[in-house]
Amino acid sequence: MKKKFILDLKVTEISKPHPRYVLIKLTDPDAQLPEMLPGQFAQLRIDGSKTTFLRRPISIHYVDYTSNEIWFLVQIVGDGTRALAELKVGDVLNVVLPLGNGFTLPKSKEEKVLLVGGGVGCAPLLYMGKVMAENGCRPTFLIGARTKSDLLQLDLFEQYGDVFVTTEDGSFGEKGFVTQHSLLQKEEKFQRISTCGPKPMMMAVARYAKSEAIACEVSLENKMACGVGACLCCVEDTQEGHKCVCTDGPVFPIEALKW
Amino acid sequence: MANLTTKIGSLTMVNPVMTASGTFGYGVEFQDFVDLSKVGGIIVKGTTLNPRQGNPYPRMAETAQGMLNCVGLQNKGVAHFCEHIYPTIKDLPTQVLVNVSGSSPDDYAECAARINELDNIPAIELNISCPNVKQGGMAFGVTPEGAATVVKAVREAYKKTLIVKLSPNVTSITDIALAVQDAGADAVSLINTLMGMAIDAEKRKKLLSIGTGGLSGPAVKPVALRMVYQVAHAVQIPVIGLGGISNATDAVEFLLAGASAIEIGTANFLDPAISQKVAEGIDEYLVRHGYDDVKDIIGALED
């Protein structure tokens, strides 16, 4: 397990690439950012929000150790995330990180890995792509969205691997859901799939992986309080009983789940 | 630096700051954030005779200034604790206490007897106040007779310091505290969570799997403070105060109300380093006000 830290990070850039998303870039002005694995998450403290109380668990979107920068892509869903969206350049954000287990990294450069993302679930896949590329691997990304305007950062994903897209209305890429993409109908199959996104999407991906006997893992986002395995609030009912998503996950192999 | 040494029964701690059961894991989860030698004691997760799966998800609902939980005492049972967890925590540089729960007086007593055998566990906290389990738990803690029955049974089986954790979901917490004292408790801790509920208006659904849960966090602090004050003035045994303590000032308020020690619970979720900070803050308060010893401010409210 990686050592965990409580850090006061400074906002270097904040933007809204989409009306429902905010991209926050931060740096540690005092020290090198600690080692983090793709698929791990951070607990972001929400200051000055009247209706919320707890931290918000947000996946690590991207880490650049050269510029000492960490990115969070946050979907604005309630008062807590709305408060995060109102941060300004220079503001301090208190974070606890890195938390959770992270995605499985390929054992060899030749391993054919598919990363399937939907909505804000694409966020951790960017850092996964970067780390894989640094290890000499080239992942394939499959990204699902409702419509073209919901697709973000495709150019960033293209730096690290081939990018395929489905939209429900057919306005970009292939029309339909990720599991209907022609990429998955090909003779040559992937050896591993890691996915993060809406639960119905991940369940469909898990069904596909099971039917093709492909190793598959999913990243869950159960409602969380402590983030460090103490409160037992965020449990998922697994084959081995209740497991904490924050410490046993957030990434679970599909055979561990009751899906 | 003032003297912060705190004694509860035969339990001696470097300071009066403890971490509440179910909010600090087994301590090891927080070692990256806290120097455990700077915390008086940690009370590990509620342990029962037999393993418990706890309640289904969702188990938590956020509120303004607090949270509701209905975890329901998920744990792997006392045998698992003794064999697998105790060896990993017995040498932590702080006092490690176990929170004990059950569904019958015999259950409680047998679980306590097993923990009595563990050399490095100097005390237990008896949970007769969990609002999230159908059998036992709070059922014993809401009447003086029920509370006394469990405490008597455990007192016979357990020879070290016995702390009994009280429920605020009662008409008169002092009556329960007095009954628990008479039954042989060495100390009481209060308050456990206040029973509450959360509803999603848009979906017209309950937000917690069993409908209700226990409220904790700053929202409950005034209620806790009042109950600690009342109980401290009614019993002769030490009182451990908890309920929404988020900083050293909150902790000092509980000491002034009559608590001999305090527990930090939900605040550990917001700042995993808070327990150590509160201990340091109490010292700072004592020095600033010219006190040499934390004992000097226990119950030291002025008219």
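Keep in mind that what you see is a predicted model, and the values were worked out from it rather than measured.

So, the overall build of chain A
Helix and strand counts for chain A stand at four helices and 16 strands. Relative to the globule expectation of 18 Å for 259 residues, the C-alpha radius of gyration of chain A, 18 Å, shows essentially globular dimensions. Dimensions of chain A along its principal axes, counting C-alpha atoms only, are 50 × 40 × 35 Å. For chain A, the proportion of its 259 residues judged to be buried stands at 58%. Residue pairs at least 24 apart in sequence account for 60% of intrachain contacts in chain A once pairs closer than 6 positions are excluded. Summed over all atoms, the accessible surface of chain A reaches about 11,100 Å², with 50% contributed by carbon and sulfur.

Let's talk about the side chain of Lys-25 of chain A
Residue and element names in this part refer to chain A. Of note, Lys-25 is situated in strand β2 (residues 21-27). Owing to a relative accessible area of 13%, Lys-25 belongs among the buried residues under this scheme. Excluding anything up to four places from it in sequence, Lys-25 contacts Lys-10, Val-11, Thr-12, Glu-13, Glu-69, Ile-70 and Trp-71.

Structural notes on the domain arrangement of chain A
All names here are of chain A. Annotation of chain A at the domain level lists domain 1 (5-99) and domain 2 (113-219). Listed per partner, the contact involves 20 residues of domain 1 and 15 residues of domain 2. Interface of domain 1 and domain 2: buried area, both sides summed, is about 1,500 Å²; carbon and sulfur atoms make up 64% of it. Broken down residue by residue, the surface that domain 1 buries against domain 2 is led by Pro-38, His-61 and Tyr-62, which jointly contribute 36%. Viewed at the interface, domain 2 and domain 1 are joined by one salt bridge. Note that Arg-20 is salt-bridged to Asp-150, the shortest N-O span being 3.8 Å. One can count eight residue pairs in polar contact (both at pLDDT 80 or more) joining domain 1 with domain 2.

Basis of the calculations
Residues numbered from 1 in each chain as written. Chains lettered and ligands numbered in written order. Predicted model: local features only at pLDDT ≥ 70, side-chain atom pairs only at ≥ 80, totals over all residues. Heavy atoms only, no water. Helix = DSSP H or I, 4+ residues; strand = E, 2+ residues; numbered from the N terminus. Rg over C-alpha atoms; globule rule 2.2 N^0.38 Å. Buried < 20%, exposed > 50% of the residue type's maximum accessible area, 1.4 Å probe, protein only. Contact = heavy atoms within 4.5 Å. Areas by Shrake-Rupley, 256 points an atom, 1.4 Å probe, with all protein chains shown as cover. Domains from an automatic or database assignment. Buried area = accessible area lost by both parts, 1.4 Å probe. Salt bridge = Lys/Arg side-chain N within 4 Å of Asp/Glu carboxyl O. Polar contact = N/O pair within 3.5 Å; in protein donor to acceptor, adjacent residues only side chain to side chain.

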